[in-house]
Amino acid sequence: MSTLEGQVAVVTGGSRGIGRAIALALASEGCRVVVNYHSNATAADEIVEEIETMGGEALAVQADVSIAEQARLLIDRALEAYGTVDILVNNAGITRDGLLMRMSEADWDAVLDTNLKGAYLCIKAVQRTMLRKRAGRIIQISSVSGLRGNAGQANYAAAKAGLVGLTKAVARELASRNITVNAVAPGFVDTEMTQALGLDLVTQATAQIPLQRLGAPEDVAAAVVFLASPQAAYITGHVLCVDGGLAM
Ligand code: NAP
């Protein structure tokens, strides 16, 4: 039997990149997966099909996690379809890079709203179900940028550092109810988000990585599956770097 057989997972931003790999990995461990997306319905439908072809169950749900009503509806759809939520992965994220001097308030707000407020809203929407069950796993996708800072990413680094604080505070609040709350901090992972940086920046970034390669989305997904698994039952409030050694 797979380690997460029958559990229900919600993966925000599960339609592409790291979220897609997380959705597939959780499904292959036996989870029924709610694949949230923002705008790309075709990509989300493809993941659902892929999971169904593997013999699993999945559902694509459109929601902008930065909007309270939509975050609530996302969790409500999961509850209607599968009756519960055991695992929440707050993966949805965007970048709007630029030096602080030139960073617009709109770019600051968009990044904080999606990456940080979105996680808060989804945790809020799901916590009652987990509290009642006295079980649950909540996993944030932070970033090495939030641990070390990164020039040109003041908004993104602030949001990702905020996720670390959110993780630790909520881990303390929910620990007595057997709900663990952890974060994964990827370094540079090969997705559309990093491809947008351009080849020169990616080559420079790779040169700083002790393991000398970009991460694959599956590297991050494996850490999420571990944190969701029974083997990680005694781990909470932790930030697990999946970064080829970049942050050490
Ligand atoms: P990506 O390829 O750009 O995918 C982003 C995903 O988030 C998409 O599924 C997108 O849905 C969804 N999304 C964006 N805004 C949303 C919103 N408001 N509500 C719901 N979903 C939304 O990104 P990625 O590289 O896989 O990154 C995934 C996570 O890992 C992010 O939190 C990112 O910050 C973090 N991370 C990435 C790296 C990296 O090197 N790639 C490193 C560290 C951390 P649509 O396609 O429908 O818009």
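Above: the structure in question.
Here the structure is a predicted model, which is why all the values come from computation and not from measurement.

## Regarding the site of the ligand
Right, on to step 1. Surveying the vicinity of the ligand reveals 31 residues, the closest of which are Arg-16, Ser-39, Asn-91, Tyr-156 and Thr-191.
Right, on to step 2. At a separation of 2.9 Å, an oxygen atom of the ligand approaches a polar backbone atom of His-38.
Right, on to step 3. Burial of the ligand by the protein chains amounts to 95% of its free accessible area of 900 Å².
Right, on to step 4. If you list the elements that add at least two residues to the shell around the ligand, you get helix H1 (17-28), strand E2 (32-37), helix H4 (105-133), helix H6 (154-174) and helix H7 (192-195).

## Quick word on the nonpolar core
Right, on to step 1. Counting 34 residues, the largest nonpolar core has Ile-22, Leu-26, Val-33, Val-89 and Val-184 as the members making the most contacts within it.
Right, on to step 2. Ranked by residue count, the leading element in this core is H1, at eight residues.
Right, on to step 3. Residues in contact with Val-184, not counting those within four places in the same chain, are Ile-139, Gln-140, Ile-141, Ser-142, Ser-143, Val-220, Ala-223, Val-224, Leu-227, Leu-240 and Val-242.
Right, on to step 4. By size, the runner-up hydrophobic cluster in this structure holds 28 residues, among which are Ala-63, Val-126, Leu-166 and Ile-179.

## Some words on unusual backbone geometry
Right, on to step 1. Positioned with a positive phi, Asn-178 is a non-glycine residue whose angle comes to about 65°.
Right, on to step 2. With respect to the helices and strands, the residue Asn-178 is situated in the loop between H6 and strand E6 (179-186).
Right, on to step 3. Classification of Asn-178 by relative accessible area gives partly exposed; the value is 49%.
Right, on to step 4. Of note, the phi angle at Gln-212 is positive, near 60°, even though the residue is not glycine.
Right, on to step 5. Examined against the element boundaries, Gln-212 turns out to sit in the loop between helix H8 (199-207) and helix H9 (217-228).

## Considering the packing of H1 against H9
The relative placement of two packed helices is expressed as an angle between their axes plus a distance between the axes.
Right, on to step 1. Orientation of H1 relative to H9, taken along the N-to-C sense of each, is 50°, at an axis distance of 8 Å. Taken as axis vectors, H1 and H9 run oblique relative to one another. The two elements H1 and H9 cross, and the hand of that crossing is right-handed. On the side of H1, the interface is formed by Gly-17, Ile-18, Ala-21, Ile-22, Ala-25 and Leu-26, while H9 contributes Pro-217, Glu-218, Val-220, Ala-221, Val-224, Val-225 and Ala-228.

Rules used in this analysis
- Residues numbered from 1 in each chain as written.
- Predicted model: local features only at pLDDT ≥ 70, side-chain atom pairs only at ≥ 80, totals over all residues.
- Heavy atoms only, no water.
- Near = heavy atom within 4 Å.
- Polar contact = N/O pair within 3.5 Å; in protein donor to acceptor, adjacent residues only side chain to side chain.
- Areas by Shrake-Rupley, 256 points an atom, 1.4 Å probe, with all protein chains shown as cover.
- Helix = DSSP H or I, 4+ residues; strand = E, 2+ residues; numbered from the N terminus.
- Core = buried A, V, L, I, M, F, W, Y, C linked by side-chain atoms within 4.5 Å.
- Buried < 20%, exposed > 50% of the residue type's maximum accessible area, 1.4 Å probe, protein only.
- Contact = heavy atoms within 4.5 Å.
- Axes fitted to C-alpha atoms, helices over the stretch in contact; angles between N-to-C directions.
- Parallel < 35°, antiparallel > 145°, perpendicular 65-115°, else oblique.
- Left-handed = near helix turned anticlockwise from the far one by under 90°.

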